[in-house]
Amino acid sequence: MTESPMVLVINSGSSSLKFAVYAMERRHPLLSGLADRLGLEGATVSFKDESGKTVRDLKEPTHAYALDAVLEEFAARDWSGSLAAVGHRVVHGGERFSSSVLVTPDVLVELEAISPLAPLHNPPAVLGMRVALARLAVPHVAVLDTAFHQSIPPSAYLYAVPMALYRDYGVRRYGFHGASHRFVAGEAVEMLGLDRAGHGLVIAHLGNGASATAVLNGRSVDTTMGMTPLEGLVMGTRSGDIDPGALIYLARRTGWKWDDMDTLLNRRSGLLGLSELSNDCRELEAAASSGHAGAQAALEVFVHRLARHIGGLAMSLPRLDAVVFTGGIGENSARIRSMAVRRLKPLGLSLDEQANLRMVGGAAGIISEGNRPVAAVVSTNEEWMIARDTAELAGLTRSQ
Ligand code: ADP
């Protein structure tokens with residue numbers, strides 16, 4: 001047993017279960033890993049800690065066996081008695097959840113009721129919760145990607161379609177990546193010495209999925225993702241914004257069905273679709289440098305859309321103190337940041353080339369010249385945010 005209480009963070013997907021274990025005094029996991037290919041042949045579970053990575057076959061390719069394998073590892077490390085709470089990442093909380101919540105039977109029923117809004121993501125998360133609840137008699141907490149954005153006003157969350165669609169079907173913008181935006185906003189306020197009660201930020205979370213959020217005094221007031229995580233920025237394989245008229249046209253012209261459109265917009269578009277090469281920004285940067293026209297076009301569209309949305313989000317704020325880059329691309333791609341910040345001149349930003357080149361691989365700091373607003377880089381840590389919320393709601397720590 002270790003002295004400090006431990007929190008297990010679970011991210012349960014349809015064919016995978018990601019996990020991380022935190023001792024609450026440190027923000028890096030003691031152990032993390034992934035059970036992969038659940039429901040398929042050849043399911044494995046991997047464990048990673050400071051001493052390296054091991055991979056094992058799973059006895060059965062189910063979420064239950066995956067969690068059992070994690071708990072066996074706990075027992076082998078003599079940690080079982082230290083596990084004090086479990087945090088679950090959940091994609092969609094609809095309008096019902098505006099903060100993280102202790103999981104009760106009622107909460108599970110409510111999350112199941114919201115499942116039609118996120119049919120690929122919420123059911124496996126609820127399954128993961130049920131499996132974990134059956135095995136671990138400690139507090140369980142659900143941390144919802146949408147919760148942070150429940151402070152967005154109707155003027156920003158309503159689509160201009162008949163109001164009955166909102167009332168009857170919940171058609172509105174919800175926003176996602178909430179744990180990341182909330183964490184990064186908090187870190188930026190501290191790093192930049194801003195007033196907790198008087199700041200305006202635009203956070204650009206740029207990973208495989210990408211979204212940007214306007215944060216006023218610690219609360220989300222606008223964001224680029226919508227009813228689903230498809231709207232907004234160009235992503236690895238997702239289109240982001242597209243005229244719905246283009247889809248009507250394509251459906252009439254080709255006879256494609258909604259499932260085809262789903263695959264087209266979620267899996268074959270974005271950087272991959274534009275470049276006809278890859279969804280991976282690093283690979284595209286290398287290809288663009290050696291003259292690949294598709295890769296160049298993909299990066300240019302990515303940056304154009306990003307700058308346009310950052311500019312738009314700034315207009316949802318009464319003041320702008322910083323534009324903050326995070327996520328795999330935001331934290332590591334000096335090139336994308338440089339292209340983007342150059343486009344943000346009308347907001348009063350100019351790039352500090354040297355500082356920009358230094359902010360890679362987890363470094364955090366300012367990458368612009370002059371006073372506010374500034375452009376900055378902060379590393380996100382969604383799992384730590386989930387662990388923190390979990391510890392707080394489970395009564396292991398005080399609110400921060
Ligand atoms: P996810 O949304 O899956 O968590 P990440 O936040 O890890 O994704 O971001 C993945 C993206 O970050 C990929 O497009 C990858 O190419 C990009 N990336 C990682 N390192 C670099 C780098 N050094 N330069 C450019 N892009 C990078």
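Everything numeric here is computed off the predicted structure, so don't read it as measured data. (Residues numbered from 1 in each chain as written. Predicted model: local features only at pLDDT ≥ 70, side-chain atom pairs only at ≥ 80, totals over all residues. Heavy atoms only, no water.)

Asker: Would you mind showing me how to read the sheet that holds strand E12 (residues 322–326) here?
Answerer: By way of backbone hydrogen bonds, the strands of a sheet pair with one another, either parallel or antiparallel. Pairing is mixed across the open sheet formed by 6 strands, whose spatial order is E11-E10-E9-E12-E14-E13. Looking at strand neighbours, the two that pair on one side only are strand E11 (219–223) and strand E13 (365–366), the edges of this open sheet. Both E12 and strand E14 (residues 374–377) contribute to a ladder of 4 bridges, which runs parallel. Residue valine 323 lies in a different strand from E14, and its bridge partner there is alanine 375. (Pairing = 2+ DSSP bridges. Helix = DSSP H or I, 4+ residues; strand = E, 2+ residues; numbered from the N terminus.)

Asker: Looking at this structure, I do not really get the packing of helix H7 (residues 244–254) against helix H8 (residues 258–267). What am I missing?
Answerer: H8 packs onto H7 with a crossing angle of 130 degrees between their chain directions and a minimal axis gap of 11 Å. Between H7 and H8, the angle is such that the two are oblique. Between H7 and H8 lies a crossing of right-handed hand. Across the interface between the two elements, Leu247, Leu250 and Ala251 from H7 touch Met261, Leu264 and Leu265 from H8. (Axes fitted to C-alpha atoms, helices over the stretch in contact; angles between N-to-C directions. Parallel < 35°, antiparallel > 145°, perpendicular 65-115°, else oblique. Left-handed = near helix turned anticlockwise from the far one by under 90°. Contact = heavy atoms within 4.5 Å.)

Asker: Help me understand the site of the ligand in this model?
Answerer: Taken together, 13 residues form the shell around the ligand, and within it Asn208, Asp280, Cys281, Arg282 and Gly328 come nearest. A distance of 3.0 Å is found between an oxygen atom of the ligand and a backbone nitrogen or oxygen belonging to cysteine 281. Residue isoleucine 329 places a main-chain N or O atom 3.3 Å away from an oxygen atom belonging to the ligand. Starting from 580 Å² of accessible surface for the ligand in isolation, the protein chains cover 69%. When contributions to the shell around the ligand are tallied by element, the ones reaching two or more residues are helix H10 (281–289) and helix H12 (327–332). In terms of residues, the shell around the ligand owes the most to one element, H12, which gives 4 residues. (Near = heavy atom within 4 Å. Polar contact = N/O pair within 3.5 Å; in protein donor to acceptor, adjacent residues only side chain to side chain. Areas by Shrake-Rupley, 256 points an atom, 1.4 Å probe, with all protein chains shown as cover.)

Asker: Is there a simple way to explain helix H3 (residues 122–135) in this structure?
Answerer: Side chains that are three or four residues apart share a direction in an α-helix, a result of its 3.6 residues per turn. Spanning 14 residues, H3 covers 20 Å between terminal C-alpha atoms, matching the ideal 20 Å at 1.5 Å per step. If you check which residues of H3 are buried, you get Asn122, Pro124, Ala125, Val126, Gly128, Met129, Val131 and Ala132. Where H3 is buried, its residues meet strand E1 (6–12), helix H1 (63–76), strand E6 (83–90), helix H2 (105–114) and strand E8 (140–144). (Expected span 1.5 Å × (residues − 1). Buried < 20%, exposed > 50% of the residue type's maximum accessible area, 1.4 Å probe, protein only.)

Asker: Sorry if this is basic, but what is going on with a nonpolar patch on the surface here?
Answerer: A contiguous nonpolar patch, built from Val161, Leu165 and Tyr169 and spanning about 290 Å² of accessible area, is present on the exposed surface. Checked against the element boundaries, leucine 165 lands in helix H5 (residues 163–169). Overall, leucine 165 belongs to the partly exposed group, its relative accessible area being 32%. (Patch = residues over 30% accessible without salt bridge, like charges linked within 9 Å, V, L, I, M, F, W, Y side chains within 5 Å. Salt bridge = Lys/Arg side-chain N within 4 Å of Asp/Glu carboxyl O.)

Asker: What is the right way to read the sheet that holds strand E5 (residues 52–57) from this model?
Answerer: Taken together, 8 strands build an open sheet; the order of strands is E5-E4-E3-E2-E1-E6-E8-E7 and the sheet is mixed. The outermost strands of the open sheet, each flanked by one partner alone, are E5 and strand E7 (101–102). Relative to strand E3 (residues 31–36), strand E2 (residues 17–23) runs antiparallel, the two being bridged by 5 bridges. For valine 21, the partnering residue across the bridge sits in E3 and is leucine 31. The strands touched by H3 within the sheet are E1, E6 and E8, with E6 carrying the most contacts at an inclination of about 165 degrees.

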